[in-house]
Amino acid sequence: KDFLKETLKLAVEVMETPEVGPRAAGFAAFQEWAKAIGNDREFTDNTLLPVLFTRLMCQTDAFTMVAEGRAYAGWFMKQEAEKFPEYSARLMEISGLFKREHETAFEMPRYHGGLQMGEYQAKELAKKENRIKIIELIDRALELDRRAAECIRRLLSEMEKDMK
C-alpha cells in the first residue's frame, strides 16, 4: 500500500509540475504543445520541407509520449485495483481516464497523414485545418489528464484517512 501511495504522489507531482529546467512540463506542456502546433508562422506555404519534418517529429514525439505514458499508467492503475479492492473503484476510474487519454492521443495521426514520417505527413501537418483538429485533441487530452490528477488526489486523501 505504501508503494502505491508513493507512486500516486509522484504521479501527481509530475503531472502538476509546470516546468523542469527551461522546459514546460506537466499540464503546462500540453498548453505549449498546442501553442506550437497553432503557430501559423511555423507552418507557412513557404516553410521548407526539412523544417516541416522537424515539426512533424516534434508532434509525433509529443503524441507518442502522451499515448504510451497514459497507456502504461492505465494498465498500472488496473493492476493495482486488483490488489486493493478497497480502492478498486477509484483506481478503475483513473485507469479509464488514462485509457481515454491514450485513445485521444492516438486520434492525432489521422490529422497528419498517419504514423509514417514522409513528405506527405509533413505537408498534412502544415494544413491549418489539421492543426486545429490536433489542438482540439491536445485540449481534450489535457482535460482528461487534469481529471485523472484530481481523481488521484481524491484517492490519496482516502488512503491518508484509512492509514490513520
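A brief look at the structure comes next. All values derive from a computational prediction rather than experimental measurement.

Parameters at a glance
- Residues numbered from 1 in each chain as written.
- Predicted model: local features only at pLDDT ≥ 70, side-chain atom pairs only at ≥ 80, totals over all residues.
- Heavy atoms only, no water.
- Phe/Tyr/Trp six-rings, centres within 6.5 Å; stacked < 30°, edge-to-face > 60°.
- Helix = DSSP H or I, 4+ residues; strand = E, 2+ residues; numbered from the N terminus.
- Buried < 20%, exposed > 50% of the residue type's maximum accessible area, 1.4 Å probe, protein only.
- Axes fitted to C-alpha atoms, helices over the stretch in contact; angles between N-to-C directions.
- Parallel < 35°, antiparallel > 145°, perpendicular 65-115°, else oblique.
- Contact = heavy atoms within 4.5 Å.

1. With respect to the packing of aromatic side chains
Then comes step 1: Using the criterion set out here, one finds 4 aromatic pairs in the structure.
Then comes step 2: Centre to centre, the rings of Phe3 and Phe76 are 6.4 Å apart; their planes meet at 75°, and the pair counts as edge-to-face. Taken together, the residues span a long stretch of sequence, with Phe3 in helix 1 (residues 2-16) and Phe76 in helix 3 (residues 49-83) at a distance of 73 residues.
Then comes step 3: The class for Phe3 is exposed, based on a relative accessible area of 58%.

2. Describing the packing of helix 5 (residues 119-126) against helix 6 (residues 128-163)
Then comes step 1: It is the contact of helix 5 with helix 6, at a shortest axis distance of 5 Å, that shows an interaxial angle of 75°. Considering the angle they form, helix 5 stands roughly perpendicular to helix 6. Counting all contacts with helix 5, which are made through Glu124, Leu125 and Ala126, the residues of helix 6 involved are Lys128, Asn130, Arg131 and Ile134.

Worth remembering: the numbers are spatial, not functional.
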